[in-house]
Amino acid sequence: MRTLKYTVAASMLAVALPASAQQLSIATGGTGGVYYPIGGGFAEMINNHIEGAQATAEVTGASVENMGLIMRGDADLALALADTVYQAYNGSGDFESRQIENTRALASVYPNAVQLVTLAESDIQTIADLAGKRVSVGAPGSGTELNARAVLEANGISYEDFTPQRLNFNETADAIRDGDIDAGFWSVGPPTSSILNLAATRDIRLIGLSDEEVANAQEAEAVFAPYQLAAGMYDGMDEAVQTIGIPNVLVVNSDMDEELAYQLTQLLFENTDELIAVHPAANDTTIEFTMNSTPVPLHPGAIRYFEEVGADIPDRLRP
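Student: I'd love a proper account of the pairing of strand 2 (residues 54-58), names of residues and values included.
Tutor: Of the strand pairs in this sheet, strand 1 (residues 23-27) and strand 2 are connected by five bridges, and their pairing is parallel. The residue of strand 2 that forms the bridge with Gln23 is Gln54.

Structure representation (structure tokens):
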């Protein structure tokens with residue numbers, strides 16, 4: 001894994017941490033998504049505000065891979081989609097027979113939106129029109145692929161109906177631009193840089209979901225929720241597009257030191273403006289969003305912070 005550019009010198013602004021907590025790795029995703037800047041921005045916040053801590057953000061295959069890194073102790077923190085986190089914690093779906101019971105959350109940071117993109121000149125108007133096409137379903141081991149598969153299968157569409165390509169965000173954008181594929185899925189906080197860049201060079205269209213298709217997806221995945229992509233989000237996008245949203249969760253191993261987990265949670269919620277400056281998706285980083293959207297129990301250190309600020313913590317979030 002490659003280290004991102006966000007590592008900077010630590011400053012002396014907080015209580016020193018245990019020696020075992022001084023080097024922190026944050027598992028993110030590909031460089032064309034939102035995990036990259038959000039994880040890198042939080043690493044910089046750690047380095048600036050927690051004495052003795054040095055954090056680096058790592059480029060990964062995103063959600064599914066990140067949960068394995070947390071399980072093995074190869075990453076200290078990770079960003080992952082709520083459905084991936086839920087499946088890992090419960091040993092269901094892609095994590096059947098490899099349950100990760102030691103999954104704990106610090107926060108739900110922002111919601112992803114499933115975004116299906118094609119060129120404006122394409123004859124693809126609905127997800128049913130993907131039949132017979134070449135479609136990127138996301139990088140191997142990514143939450144995008146889990147979300148794409150869930151949405152499609154809930155609506156009677158399987159990988160056998162089209163030619164699936166497993167490309168990361170930047171590769172998907174390039175392949176659409178060059179005509180190598182017909183459409184591609186993103187599950188990421190909008191707007192995302194790779195789609196913005198694609199829309200700046202080619203006329204694109206985002207494919208929406210009908211009310212029935214959204215309802216089918218929600219029935220299949222409890223963490224899905226209706227979501228509107230706002231008009232004007234990308235060049236040439238004149239109308240809002242209905243899709244589904246999924247929370248992104250900042251997860252750690254239950255073995256993390258409680259004081260460290262407390263300081264990380266405090267840092268996230270008391271310096272959110274610094275993360276918003278990195279990416280607007282962090283506007284949704286609120287205690288209320290965490291309480292309503294987090295699919296697995298919180299770490300005891302996070303609970304201590306939320307109790308101190310008077311948050312109403314649901315019983316389901318207590319280990």
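Now, onward.
Student: Describe the pattern of salt bridges, naming the residues involved and giving the relevant values.
Tutor: What the rule picks out here adds up to ten salt bridges. Here Asp182 ties to Arg134 by a salt bridge, and the two come within 3.2 Å at their closest N and O atoms. Of this pair, Asp182 sits in the loop between helix 5 (169-178) and strand 7 (183-188) while Arg134 sits in strand 5 (residues 134-136), and the two are 48 residues apart along the sequence. A salt bridge links Glu145 to Arg149; its shortest N-O distance comes to 3.4 Å. Of this pair, Glu145 and Arg149 both sit in helix 4 (residues 143-154), separated by four residues, roughly a single helical turn.

Student: I'd like a rundown of the packing of helix 2 (residues 63-72) against helix 3 (residues 82-90), residues and numbers included.
Tutor: Their axes nearest at 9 Å, the elements helix 2 and helix 3 cross at an angle of 40°. Of the possible angle classes, the one that applies to helix 2 and helix 3 is oblique. For the pair helix 2 and helix 3, the sense of crossing is right-handed. Side by side, helix 2 and helix 3 meet where Ser63, Val64 and Met67 of the first sit next to Thr84, Val85 and Ala88 of the second. For the contact of helix 2 with helix 3, a count of residues per class yields four nonpolar, two polar and no charged.

Student: I'd like a description of the environment of Gln125, backed by residues and values.
Tutor: Checked against the element boundaries, Gln125 lands in the loop between strand 4 (103-119) and strand 5. Sequence separation between Gln125 and Tyr35 is 90 residues, and the spatial gap between their C-alpha atoms is 29 Å. Beyond its immediate stretch of four places on either side in the chain, Gln125 contacts Arg205 and Ile207.

What counts as what
Here the residue index of a chain counts from 1 through its sequence in written order. Whole-chain, interface and lining totals are the exception, using all residues; otherwise, since this is a predicted model, local features are given only for residues with pLDDT of at least 70 and side-chain atom pairs are given and counted only at 80 or more. As a rule here, side-chain values cover all heavy atoms of the structure and leave hydrogens and water aside. Note on pairing: DSSP must find at least two bridges between two strands before they are called paired. Where helices and strands are cited, they refer to DSSP runs of H or I of at least four residues and of E of at least two residues respectively, numbered from the N terminus. We count a salt bridge whenever a side-chain nitrogen from Lys or Arg sits within 4 Å of a carboxyl oxygen from Asp or Glu. What counts as an axis is a line fitted to C-alpha atoms, over the stretch in contact for a helix, and the angles between N-to-C directions run from 0 to 180 degrees. By definition in this entry, angles of less than 35 degrees are roughly parallel, angles greater than 145 are roughly antiparallel, angles of 65 to 115 are roughly perpendicular, and the rest are oblique. Here a crossing is taken to be left-handed if its near helix is turned anticlockwise relative to the far helix by less than a right angle, and right-handed if that turn runs clockwise. Any pair of residues with heavy atoms lying within 4.5 Å of one another is described as a contacting pair. Amino acids outside the nonpolar list (Ala, Val, Leu, Ile, Met, Phe, Trp, Tyr, Cys, Pro) and the charged list (Asp, Glu, Lys, Arg) are all regarded as polar, and Gly is one of them.

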